[in-house]
Amino acid sequence: MPRTQVPFAEEATMHVLLSGVVGSTAYGLAHADSDIDRLGLFAAPTVEFHGLHRPAESHVSTAPDRTLHEAAKWCRLALSCNPTASELAWLPEDLYEVRTPLGDELVAIRRSFLSARAVRNSYLGYATQQFRKLTTRDPGDPRSRAQGAKNARHLVRLLEQGLALHETGEVTVRLAEPERVRELGEHLAENPADATPLLADAEQRFDRPGALPDAPDEAPAEAWLRAVRATHLTPA
């Protein structure tokens, strides 16, 4: 499904159900020059699903940086335990900017989206991607060096958040020790090979029994999505 770029002002007319500040600000890794990233989900009018062309599933704006996923797409992402999408339902209270009754209902069923295999595949998979980027950067390019440090921070964050989720059944968005993660990222940017044992240890821990079920429970998501469609059946 297409992603459309729309002015931020136009987003205000959409049926945004849940939205908040994510990314480095949410993790506690932001610095003075960090962008503020926002993520949310919206409900397209139900009537739009009955024509020749289905509504866009994502809307992206860059001034400010904001991504909105349609409710069904967000559910699919969350059922696959996509780290970025999932954290929207687990943000600290002070980071939510839009919370509607339907948004609150979604937060209430957030655990039903989780499953052991999907968490392992998503978090370990994305961390491995960051490692590949880290090992293919140009160490002589200052911009590449800065990007490498960012890749390394994401690698560490993904492993720590993913393992905590696997072992406790809870998504922890705000890092307990962001400065340590930042320092470790700087170290790994200079010494990428030192990330190899971190990945190997994480893989072993993900293979052990954890706190999550083998498969997600799709029934609450299905019921919630049907409630969204019923609520937005008649155009405003």
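Residues numbered from 1 in each chain as written. Predicted model: local features only at pLDDT ≥ 70, side-chain atom pairs only at ≥ 80, totals over all residues. Heavy atoms only, no water.

To continue, consider the overall build of the protein. Along the protein, the regular secondary structure elements total 10 helices and 6 strands. Whereas a compact globule of 236 residues would reach a radius of gyration of roughly 18 Å, the protein reaches 19 Å, a difference of no more than 12%. If you line up the protein on its principal axes, its C-alpha atoms span 55 × 40 × 35 Å. With 236 residues in all, the protein has 47% of them scored as buried. (Helix = DSSP H or I, 4+ residues; strand = E, 2+ residues; numbered from the N terminus. Rg over C-alpha atoms; globule rule 2.2 N^0.38 Å. Buried < 20%, exposed > 50% of the residue type's maximum accessible area, 1.4 Å probe, protein only.)

The next point concerns the pattern of salt bridges. Counted under the stated rule, the structure contains 16 salt bridges. The salt bridge partner of Asp 104 is Arg 99, with a shortest N-O separation of 2.7 Å. The exposure class assigned to Arg 99 is partly exposed, which follows from its relative accessible area of 32%. A salt bridge links Arg 180 to Glu 177, with the shortest nitrogen-to-oxygen separation between them at 3.1 Å. Exposure remark for Arg 180: the relative accessible area of 32% places this residue in the partly exposed category. By relative accessible area, which is 46% here, Glu 177 ends up partly exposed. Through salt bridges with shared partners, a single ionic network connects Glu 93, Arg 99 and Asp 104. (Salt bridge = Lys/Arg side-chain N within 4 Å of Asp/Glu carboxyl O.)

Among the 6 residues of strand 5 (residues 65-70), 5 are classified as buried, and the element is accordingly described as predominantly covered. In the sheet, strand 3 (residues 37-43) pairs with strand 5 via 5 bridges, with the strands oriented parallel. When the sheet's bridge partners are listed, Arg 38 is paired in strand 5 with Arg 66. In this sheet, strand 5 lies alongside strand 4 (residues 58-62) in antiparallel orientation, the contact comprising 5 bridges. Each bridged residue has a counterpart across the sheet, and for Ser 61 the counterpart in strand 5 is Arg 66. Hairpin geometry of strand 4 and strand 5 is characterised by an intervening segment of 2 residues between the two adjacent antiparallel strands. (Pairing = 2+ DSSP bridges.)

A word on the side chain of Asn 82. Tracing the backbone shows Asn 82 in the loop between helix 3 (71-79) and helix 4 (83-87). A polar side-chain atom of Asn 82 sits 3.1 Å from the main-chain amide nitrogen of Thr 84. Those residues in contact with Asn 82 that lie beyond four places of it in its chain are Leu 77, Ser 122 and Tyr 126. (Polar contact = N/O pair within 3.5 Å; in protein donor to acceptor, adjacent residues only side chain to side chain. Contact = heavy atoms within 4.5 Å.)

In this section: the environment of Thr 84. Counting through the fold element by element, Thr 84 comes out in helix 4. Residue Thr 84 is classed as partly exposed on the basis of its relative accessible area of 43%. Spatially, the C-alpha atom of Thr 84 lies 8.6 Å from that of Leu 39, the residues being 45 residues apart in sequence.

Next up on the list: the packing of aromatic side chains. For the structure on display, the rule yields 1 aromatic pair. Geometrically, the ring pair formed by Trp 74 and Phe 113 is edge-to-face, given 5.4 Å between the ring centres and 75° between the ring planes. Residue Trp 74 is located in helix 3, and its partner Phe 113 is located in the loop between helix 5 (101-108) and helix 6 (116-135); the two are separated by 39 residues in the primary sequence. Considered together, Trp 74 and Phe 113 belong to a single accessibility category, that of buried residues. The lysine or arginine in question, Arg 110, covers the ring of Trp 90, its NZ or CZ lying 3.9 Å from the ring centre. (Phe/Tyr/Trp six-rings, centres within 6.5 Å; stacked < 30°, edge-to-face > 60°. Lys NZ or Arg CZ within 6 Å of the ring centre and 35° of its normal.)

What follows deals with helix 6. Counting along an α-helix, one turn takes 3.6 residues, and residues three or four places apart therefore face a common direction. Spanning 20 residues, helix 6 covers 28 Å between terminal C-alpha atoms, matching the ideal 28 Å at 1.5 Å per step. Within helix 6, the full set of buried residues consists of Ala 116, Ala 118, Val 119, Ser 122, Tyr 123, Leu 124, Ala 127, Gln 130, Phe 131 and Leu 134. Elements that come into contact with the buried residues of helix 6 comprise helix 3, helix 4, helix 7 (142-168), helix 8 (178-190) and helix 9 (195-207). (Expected span 1.5 Å × (residues − 1).)

Along its 13 residues, helix 8 runs 19 Å from first to last C-alpha, staying within 8% of the 18 Å computed at 1.5 Å per residue. Every buried residue belonging to helix 8 is among Val 181, Arg 182, Gly 185, Leu 188 and Ala 189, and all of these are buried. The arc that holds every buried residue of helix 8, seen down its axis, measures 130°, which confines them to one face. Contacts made by the buried residues of helix 8 are with helix 6, helix 7 and helix 9. (Arc of directions from axis to C-beta.)

This part takes up unusual backbone geometry. Most peptide bonds take the trans form, and the phi angle of most residues other than glycine is negative. Phi is positive for Cys 81, close to 60°, though the residue is something other than glycine. Assignment of secondary structure puts Cys 81 in the loop between helix 3 and helix 4.

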